[in-house]
Amino acid sequence: MADRRPGTDDPAAPFALLDSLTRDTLDPGYERAARRRQAGIGSSKVAGRTWLIAGTVVVGLLLGVALQNTNANSAGVDQARDALNLDVANAQDREAELAASVSGLAAQVRSAQSGAADTGPLATLNVLEEMNALVAVTGPGLRVILNDPGAATGDSAILDRDIQLLVNGLWSSGAEAIAVGGVRLRVTSAIRQAGGAILVDNRPVAWPMTIEAIGDPRNIQQKFISTAGYGRFNSFVQLYGVGFDVTAAESLSLPAAAAVDNRYIETSPSATEPLTTEPTTQPPTTPAAPTS
């Protein structure tokens, strides 16, 4: 039998070796290592998929529990919100009833006073009531409407000092009576800010805000245009896009201010004595020289 090992006299042996080199480009050892590596990658992929599925299940369970708790608590939150809204509405209704009662009692007092003489202390009392905005008034004037679009989101462009400046401009322009958001201003009135809300005598005023001033509309408007408050709000219109509208009105009705808190009133020792309308005179006094 002829020997077919390489190096023998078989003429086809060298061609078989060349055919193997051109066909098998990878050494058998490297090929086995690559197979082992692929087998390891496949097992790691299976493990990664297992962990991914397990993590997804855990996250899903957590989200389900959170959703269930949220749904369970939402009913209580809605009930608490509804209860608070109901309390606020009841308090506002009660405040409106008390305000109407105060106005009715004040009207009865003025009706009783109208039957008395309009001279002496009664006349002085009437004048003081009118000066302190305790009497409702009606007449022509100006109506100013303000609107702050950012007030609802807490980004207010109009502050309490801006409204104070605007109201002072109306007073200096000749206004005889002013109401801000339906709240009549008097000598001791205050305009303050609490967060995004504007308070007039501790009463919140909603947006858009209406400011009404009774007086000669033409005279007030001519002077009001040159005030600092008017100029500031004109700039606010261009810078912040707030609403600022000034119109003349033929008839405005302003309510009376709230009753005065008589915390500083004291009973005079001579309260039972009859009042006299004769003025008391005193000799003029010489002013003291200034001290250096």
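Definitions and cut-offs
Residues numbered from 1 in each chain as written. Predicted model: local features only at pLDDT ≥ 70, side-chain atom pairs only at ≥ 80, totals over all residues. Heavy atoms only, no water. Pairing = 2+ DSSP bridges. Helix = DSSP H or I, 4+ residues; strand = E, 2+ residues; numbered from the N terminus. Axes fitted to C-alpha atoms, helices over the stretch in contact; angles between N-to-C directions. Contact = heavy atoms within 4.5 Å. Core = buried A, V, L, I, M, F, W, Y, C linked by side-chain atoms within 4.5 Å. Buried < 20%, exposed > 50% of the residue type's maximum accessible area, 1.4 Å probe, protein only. Arc of directions from axis to C-beta. pLDDT = per-residue confidence, 0-100. Parallel < 35°, antiparallel > 145°, perpendicular 65-115°, else oblique. Left-handed = near helix turned anticlockwise from the far one by under 90°. Nonpolar A, V, L, I, M, F, W, Y, C, P; charged D, E, K, R; others polar.

A. View of the pairing of strand E5 (residues 197–200). Across four bridges, the pairing between strand E4 (residues 191–194) and E5 is antiparallel. From the neighbouring strand, Ala194 faces E5, where its bridge partner is Ala197. Hairpin connection of E4 to E5: two residues between the antiparallel strands, including Gly195 at a positive phi of 70°. Taken together, the three bridges between E5 and strand E6 (residues 203–205) define a ladder with antiparallel strand orientation. Among the inter-strand pairings, Ile198 is bridged to a residue of E6, identified as Val205. What sits between E5 and E6 in their antiparallel hairpin is a turn of two residues, with Asp201 showing a positive phi close to 55°.

B. Geometry of the sheet that holds E5. Here three strands make up an open sheet; going across it, the order is E4-E5-E6 and the pairing antiparallel. Of all the strands in the sheet, the pair left with one neighbour each is E4 and E6. On average, each strand axis in the sheet is inclined to that of its neighbour by 40°, with strand direction left out of account. Contacts from helix H4 (residues 160–172) reach E4 and E5 within the one sheet, and its direction differs from that of E4 by about 165°.

C. Up close: the nonpolar core. Of all hydrophobic cores here, the largest spans 29 residues; its most connected members are Ile178, Ile211 and Phe244. The set of elements that each furnish at least two residues to this core consists of strand E1 (137–147), H4, strand E2 (177–180), E5, strand E7 (209–214), helix H5 (217–224), helix H6 (228–240) and strand E8 (243–254). At four residues, H4 tops the list of elements feeding residues into this core. Apart from residues lying up to four places away in sequence, Ile211 is in contact with Leu142, Arg143, Val144, Leu146, Ile163, Leu166, Val167, Leu170, Ile178, Ala179 and Val180. Among the nonpolar cores identified, the runner-up in size contains six residues, and Ala177, Ile214, Ala249 and Leu252 belong to it.

D. Local environment of H5. Taken residue by residue, H5 has Pro217, Ile220 and Phe224 as its buried positions. Buried positions in H5, seen along its axis, are confined to an arc of 70° and lie on one side of it. Residues Arg218 and Gln222 are exposed on H5 and point more than 90 degrees away from its buried face.

E. Summary view of unusual backbone geometry. Going from Trp207 to Pro208, the amide bond is cis rather than trans, its omega being -5°. Inspection of the secondary structure assignment puts Pro208 in the loop between E6 and E7. A positive phi is found at Asp201, a non-glycine position, where the angle reads about 55°. Considering the arrangement of structural elements, one finds Asp201 in the loop between E5 and E6. Residue Asp201 is classed as partly exposed on the basis of its relative accessible area of 25%. Even without glycine at this site, Asn202 takes up a positive phi of about 65°. Residue position: Asn202 is located in the loop between E5 and E6.

F. Up close: the sheet that holds E8. Spatial ordering of the open sheet is given by E3-E2-E7-E1-E8, a layout of five strands whose pairing is antiparallel. Either end of the sheet is taken by a strand with one partner, and the two such strands are strand E3 (183–184) and E8. The strands that H4 touches are E1, E2, E7 and E8; relative to E7, the one it contacts most, it runs at about 20°. Here H5 sits on the sheet in contact with E1, E7 and E8, set at roughly 35° to E1.

G. Up close: the confidence of the model for the chain. Chain-level pLDDT for the chain is 77 on average; 69% of the residues reach the 70-or-more range. Taken element by element, the chain is modelled with least confidence in helix H1 (residues 13–23), mean pLDDT 63, and with most confidence in H4, mean pLDDT 95. The low-confidence segment residues 275–292, where pLDDT is below 50, has three contacts with residues more than four positions distant or belonging to other chains.

H. The packing of H4 against H6, seen in detail. Two numbers describe how H4 lies on H6: the axes approach to 7 Å, and their chain directions differ by 135°. Between H4 and H6, the interaxial angle falls into the category oblique. In this structure, H4 crosses over H6, and the sense of that crossing is left-handed. Where H4 approaches H6, its residues Arg161, Asp162, Ile163, Leu165 and Leu166 are matched on the opposing element by Ala228, Gly229, Tyr230, Arg232, Phe233 and Phe236. Here the contact of H4 with H6 is built from residues that sort into seven nonpolar, one polar and three charged.

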